[in-house]
Amino acid sequence: MSATTVSASPKSKSATPVRRITSADADAALSEGWADFMDMRGDLIFVGLIYVLVGVVAATAVMGGALLPLLFPIIAGVGLMGPVAALGFYEMARRRESGLHSNWQHFLDVRKRPGADEIAIVGALLLGIFVAWVFVASGLYVALFGWWEPPSIGAFLSRVFTTPEGWALILIGNAIGLGFAALVLGLSVVSMPMLVDCDISAAEAVSTSWRAARANPGVMFRWGVTVAALLVIGSIPLFVGLAAVLPWLGYATWHLYTKLVDRSAIKSRRD
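Presented here is an overview of the structure given in this document. (Residues numbered from 1 in each chain as written. Predicted model: local features only at pLDDT ≥ 70, side-chain atom pairs only at ≥ 80, totals over all residues. Heavy atoms only, no water.)

### Some words on a nonpolar patch on the surface
Quick note on the threshold: To count toward a patch, a residue needs a relative accessible area above 30% and no salt bridge. Like charges then connect within 9 Å, nonpolar side chains (Val, Leu, Ile, Met, Phe, Trp, Tyr) within 5 Å. Using a 1.4 Å probe, the Shrake-Rupley method yields the accessible areas, and only the shown protein chains count as cover for residues. The working definition used for a salt bridge is a side-chain nitrogen of Lys or Arg within 4 Å of a carboxyl oxygen of Asp or Glu. Elements are defined by DSSP. Helices are runs of H or I of four residues or more, strands are runs of E of two residues or more, and each kind is numbered from the N terminus.
A contiguous nonpolar patch, built from Ile153, Leu157, Phe161 and Trp167 and spanning about 380 Å² of accessible area, is present on the exposed surface. No other element matches the 3 residues that helix α7 (residues 153-162) contributes to the nonpolar patch. With respect to the helices and strands, tryptophan 167 occurs in helix α8 (residues 164-188).

### Things to note about helix α10 (residues 202-215)
Heads up, the rule is: Given the number of residues in a helix, its expected span is that number minus one, multiplied by 1.5 Å. Exposed residues in this analysis have more than 50% of their type's maximum accessible area, buried residues have under 20%, and partly exposed residues fall in between, with area computed by a 1.4 Å probe over protein chains only.
For α10, which comprises 14 residues, the first-to-last C-alpha distance of 20 Å matches the rise-based estimate of 20 Å (1.5 Å per residue) to within 8%. Of the residues making up α10, those classed as buried are Ala202, Ala205, Val206, Thr208, Ser209, Ala212, Ala213 and Ala215.

### Quick notes on the packing of helix α1 (residues 23-39) against helix α12 (residues 242-260)
Note the following rule: Note on geometry: axes are lines fitted to C-alpha atoms, helical ones only across the stretch in contact, with angles between N-to-C directions running from 0 to 180 degrees. Oblique is the label for any angle not covered by the other classes, which are roughly parallel (under 35 degrees), roughly antiparallel (over 145) and roughly perpendicular (65 to 115). In this scheme, a crossing is called left-handed if the near helix is turned counterclockwise away from the far one by less than a right angle; it is called right-handed if the turn is clockwise. Whether two residues touch is decided by their heavy atoms; if any such pair falls within 4.5 Å, the residues are in contact.
Between α1 and α12, the least distance of the axes is 7 Å, while the angle of their chain directions is 130 degrees. As judged from the angle between their axes, α1 and α12 are oblique. The crossing of α1 and α12 is right-handed. Where α1 approaches α12, its residues Asp25, Ala26, Ala28, Ala29, Leu30, Glu32, Gly33, Trp34, Asp36 and Phe37 are matched on the opposing element by Ala243, Ala244, Pro247, Trp248, Leu249, Tyr251, Ala252, His255, Leu256 and Lys259.

### Points about the nonpolar core
Let me state the cut-off plainly: To form a nonpolar core, buried Ala, Val, Leu, Ile, Met, Phe, Trp, Tyr and Cys residues must be joined to one another through side-chain atoms within 4.5 Å.
Membership of the largest hydrophobic core comes to 61 residues, with the highest contact counts inside it found for Val190, Met194, Trp223, Leu256, Tyr257 and Leu260. When residues of this core are traced back to their parent elements, those giving at least two are α1, α5 (87-97), α6 (116-145), α8, α9 (191-197), α10, α11 (217-235) and α12. When residues in this core are grouped by element, the largest group, 11 residues, is from α12. Setting aside residues up to four positions removed in sequence, leucine 260 forms contacts with Val18, Arg19, Ile21, Val190, Ala212, Asn216 and Met220. Of all hydrophobic cores here, the second largest spans 8 residues; its members include Leu68, Phe145, Val160 and Leu169.

### A few points about the environment of leucine 68
Among the structural elements, leucine 68 can be located in the loop between α2 (41-61) and α3 (71-78). Placed 84 residues apart in sequence, leucine 68 and serine 152 show a C-alpha to C-alpha distance of 8.6 Å.

### Description of α5
Among the 11 residues in α5, 9 count as buried, and that is most of the element. Looking only at α5, the buried set comprises Leu87, Gly88, Phe89, Tyr90, Glu91, Met92, Ala93, Arg94 and Arg95. Glycine 99, located one to two residues past α5, shows a positive phi value of around 80 degrees.

Here is the structure:
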């Protein structure tokens, strides 16, 4: 792996060192994640279908009335909670890496990890960001459309795609959404798998994640675009593709974490 270690700053010598990686490392993480998925694909398709069902139910629940304008923000915002949904995949990847037996029966074993309470803290933070995104998206809609309640899906889509305020909603909303997505990526790309791997505090995990993201802005941007594209592709056929995409990305993120963080510096806190 063509990665270089970034030393901690003088003020934080105890901080976990992170590495600068290349696009080739990110591609390798995706490839290794796919290999993990293929190795346990039968079990993980079963688990992935749970998320497919949740997505279909969530979409159906907001398809009518005043909640219709929130359909896209809610579906898009589910990606902000992706690191929480992927916790079980991180645990399974950890077990497989350690040579332990790993299948869907171990998916919820993450709750037995020493950092379970710290994981809950970061999960609550991500949930707060998701709620904030929905509120911001709602405010933008009201600011541009007023309190208009679409009479149908067709009427809503027509106004969104054929009016100036509709295009403003699309452009501004996507720009704001990009900001939220970048925030979540920086917070969680390392912190969640690290908390599954190690007995550390939520603050240390999030700090390490931020430093890893800042050390690799180009690779992180490319990773974020790749994740977003795969989620969109997986969601188009009634979310069915997510049965493969979610496990794949979960495993791939674990491998990205192992490349971004110098785990030898935290060996004593891993089991």
